[in-house]
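# Remarks on the overall topology
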Amino acid sequence: MNNQYRQGMMSAIGCAVWWGIMPIYWQTLQAIDSMVIIFYRIVLVAAVCFLAAVKVHGMEEIRKNLRQKGVKFRYFIAGALITLNWSIYIWAVNANMVIQTCIGYYIEPLLVCVFGVLIFKEKLDKFKVTALVLAAAGVLVVIIHFRQIPAVAIGLGLSFSVYAAIKKNFNMPPLLSLLYETMFLLPPALMVIIGLEVTGNGAVAAAGPGTFFLLMFCGLFTAFPLVLFANAANKVDLFALGITEYISPTISLFISIFLFQEPFDGVQLAAFAIIWVGLAFFSFGEYRKVRQEELESSEK
């Protein structure tokens with residue numbers, strides 16, 4: 001068990017680190033328009049997931065899951081939402097707004113809790129309420145300081161929260177899930193790519209051979225961390241998995257400040273500090289809940 005837990009934690013941390021350094025990869029593709037990257041990402045993720053799913057699950061398993069009632073519509077909507085999330089993220093990274101993406105991914109777990117309360121009637125404890133209030137205060141500081149709504153951060157948090165709500169209680173292997181989310185968007189994405197390349201407005205015309213070669217890895221770079229995440233989810237508890245999710249935006253924040261040289265002043269630091277305190281309350285509450293469930297389970 002200890003060995004399995006260790007493997008799971010290594011996968012969780014590896015996944016978080018991978019996602020944290022991904023802004024470096026997306027910025028190497030800055031010569032290509034962000035929307036062109038999105039269309040390529042849809043096609044390449046679908047291709048990678050299809051090949052991997054055939055190898056792991058087989059064609060019959062792929063077809064069988066698609067026959068379930070409501071699967072096609074639900075995954076079409078989920079695919080549209082996660083594509084919106086990807087689009088906002090890649091555009092923001094290439095527009096030198098990585099700090100805003102970090103805010104989005106810090107508040108995203110808290111927004112998921114809000115949707116859990118609103119849609120699934122889940123209960124908020126005092127730790128979650130405190131975390132939500134502090135997260136809202138942190139965002140409010142940013143709004144007052146810059147006199148504008150951090151649309152990227154809120155867009156990322158909301159799109160992923162709705163995406164998570166749609167997928168709740170809909171069990172599916174991660175590889176098949178990502179395949180279904182992209183396969184319904186594959187035909188229009190492929191048609192757009194062909195149209196752009198034929199008219200000279202695509203990736204081939206915009207980028208040199210080296211950049212275009214790097215673009216071809218975006219499907220693999222998307223699918224690989226999800227495999228790590230799936231492996232971690234099977235071997236560690238949800239609390240530990242949730243805590244490791246904060247590694248990713250923290251790494252991205254340091255990259256944005258020290259590598260990309262994005263402006264970062266004391267007010268922004270104060271806003272992040274308020275959000276971090278909120279996350280500490282949230283994490284402590286989740287830790288208490290997990291420990292209580294373990295104690296109740298051991299007493300039975």
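All values reported here derive from a predicted model rather than from experimental measurement. (Residues numbered from 1 in each chain as written. Predicted model: local features only at pLDDT ≥ 70, side-chain atom pairs only at ≥ 80, totals over all residues. Heavy atoms only, no water.)

### Here's the deal with the overall build of the protein chain
- A tally of regular secondary structure across the protein chain gives 15 helices and zero strands.
- The C-alpha radius of gyration computed for the protein chain amounts to 20 Å, which stays within 12% of the reference 19 Å derived for 300 residues, consistent with globular compactness.
- Taking the principal axes of its C-alpha atoms as reference, the protein chain extends roughly 60 × 50 × 35 Å.
- For the protein chain, with 300 residues in total, the buried portion stands at 44%.
- Long-range contacts, defined as pairs at least 24 residues apart, comprise 86% of the intrachain contacts of the protein chain with a sequence gap of at least 6.
- Put simply, the protein chain has 21 plus and 17 minus side-chain charges, and the middle of one group is 7 Å from the middle of the other. (Helix = DSSP H or I, 4+ residues; strand = E, 2+ residues; numbered from the N terminus. Rg over C-alpha atoms; globule rule 2.2 N^0.38 Å. Buried < 20%, exposed > 50% of the residue type's maximum accessible area, 1.4 Å probe, protein only. Contact = heavy atoms within 4.5 Å. Lys, Arg positive; Asp, Glu negative; His and termini not counted. Charge placed at Lys NZ, Arg CZ, Asp CG, Glu CD.)

### Observations regarding the packing of aromatic side chains
- Applying the stated rule across the entire model yields 17 aromatic pairs.
- Look at F213 and F217: their rings are 5.1 Å apart centre to centre, the planes differ by 80 degrees, and that puts the pair in the edge-to-face class.
- Exposure remark for F213: the relative accessible area of 52% places this residue in the exposed category.
- Between R41 and the ring centre of W86, over which it is positioned, the NZ or CZ distance is 4.2 Å. (Phe/Tyr/Trp six-rings, centres within 6.5 Å; stacked < 30°, edge-to-face > 60°. Lys NZ or Arg CZ within 6 Å of the ring centre and 35° of its normal.)

### Side note on unusual backbone geometry
- Unlike most non-glycine residues, N96 shows phi in positive territory, near 60 degrees.
- Looking at the secondary structure, you find N96 in the loop between α4 (71–94) and α5 (98–120).
- With relative accessibility at 41%, the residue N96 sits in the partly exposed group.

### Some points on the side chain of S87
- Among the structural elements, S87 can be located in helix α4.
- On the accessibility criterion, S87 (13% relative accessible area) is buried.

### Some details on the confidence of the model for the protein chain
- Counting all residues, the mean pLDDT for the protein chain is 87, and 98% of those residues have values of 70 or more.
- Highest mean pLDDT in the protein chain belongs to helix α9 (residues 186–198) (95); lowest belongs to helix α13 (residues 238–244) (73). (pLDDT = per-residue confidence, 0-100.)

### With respect to the environment of D33
- With respect to the secondary-structure elements, D33 resides in the loop between α1 (2–28) and α2 (34–56).
- Between the alpha carbons of D33 and V112 there is a distance of 30 Å; along the sequence they are 79 residues apart.

### Considerations on the packing of α2 against α9
- Remark: α2 packs on α9, axes separated minimally by 9 Å, with the N-to-C direction vectors making an angle of 130 degrees. Taken together, the axes of α2 and α9 lie oblique to each other. Regarding α2 and α9, the two cross each other, and that crossing is left-handed. Contacts between α2 and α9 involve V36, F39, Y40, I42, V43 and A46 from the first element and L186, A189, L190, V192, I193, L196 and E197 from the second.
- Across the contact of α2 with α9, the residue classes break down as 12 nonpolar, no polar and one charged. (Axes fitted to C-alpha atoms, helices over the stretch in contact; angles between N-to-C directions. Parallel < 35°, antiparallel > 145°, perpendicular 65-115°, else oblique. Left-handed = near helix turned anticlockwise from the far one by under 90°. Nonpolar A, V, L, I, M, F, W, Y, C, P; charged D, E, K, R; others polar.)

### Considerations on a nonpolar patch on the surface
- There is a patch of nonpolar side chains on the surface, built from I13, V17, I21, I24 and L259 and spanning about 380 Å² of accessible area.
- For I21, the location among the structural elements is in helix α1.
- The class for I21 is partly exposed, based on a relative accessible area of 39%. (Patch = residues over 30% accessible without salt bridge, like charges linked within 9 Å, V, L, I, M, F, W, Y side chains within 5 Å. Areas by Shrake-Rupley, 256 points an atom, 1.4 Å probe, with all protein chains shown as cover. Salt bridge = Lys/Arg side-chain N within 4 Å of Asp/Glu carboxyl O.)

### Quick notes on the layout of surface pockets
- In this model, the second largest pocket occupies a volume close to 210 Å³.
- Lining the second largest pocket we find 13 residues, and of these I99, Q100, F146, Q148 and Q268 sit closest to its centre.
- Taken together, the elements giving at least two residues each to the lining of the second largest pocket come down to α5 and α6 (126–146).
- It is α5 that provides the largest number of residues to the lining of the second largest pocket, a total of three residues. (1 Å grid on protein atoms, 1.4 Å probe; cavity = no way out; pocket = protein on both sides within 12 Å on 5 of 7 lines; lining within 4 Å. Points joined across faces, edges and corners; volume = space filled by probe spheres on them.)

### Quick look at helix α7 (residues 151–167)
- A rise of 1.5 Å per residue sets the reference length of α7, with its 17 residues, at 24 Å; its end C-alpha atoms lie 24 Å apart and thus fit the reference within 8%.
- Within α7 the residues assigned to the buried category are V152, A153, G155, L156, G157, S159, S161, Y163, A165 and I166.
- Those residues of α7 that are buried are in contact with α4, α5 and α8 (174–183). (Expected span 1.5 Å × (residues − 1).)

### A closer look at the pattern of salt bridges
- Inspection of the entire model under this criterion finds four salt bridges.
- We note a salt bridge from R67 to E60, for which the minimum N-O separation is 3.5 Å.
- With a relative accessible area of 47%, E60 lands in the partly exposed category.
- The shortest N-O distance in the salt bridge between E286 and K128 comes to 3.5 Å. Placement of E286 in helix α15 (residues 266–299) and of K128 in helix α6 is noted, with a sequence separation of 158 residues between them.
- On the accessibility criterion, K128 (12% relative accessible area) is buried.
- Through salt bridges with shared partners, one network takes in E60, R63 and R67.

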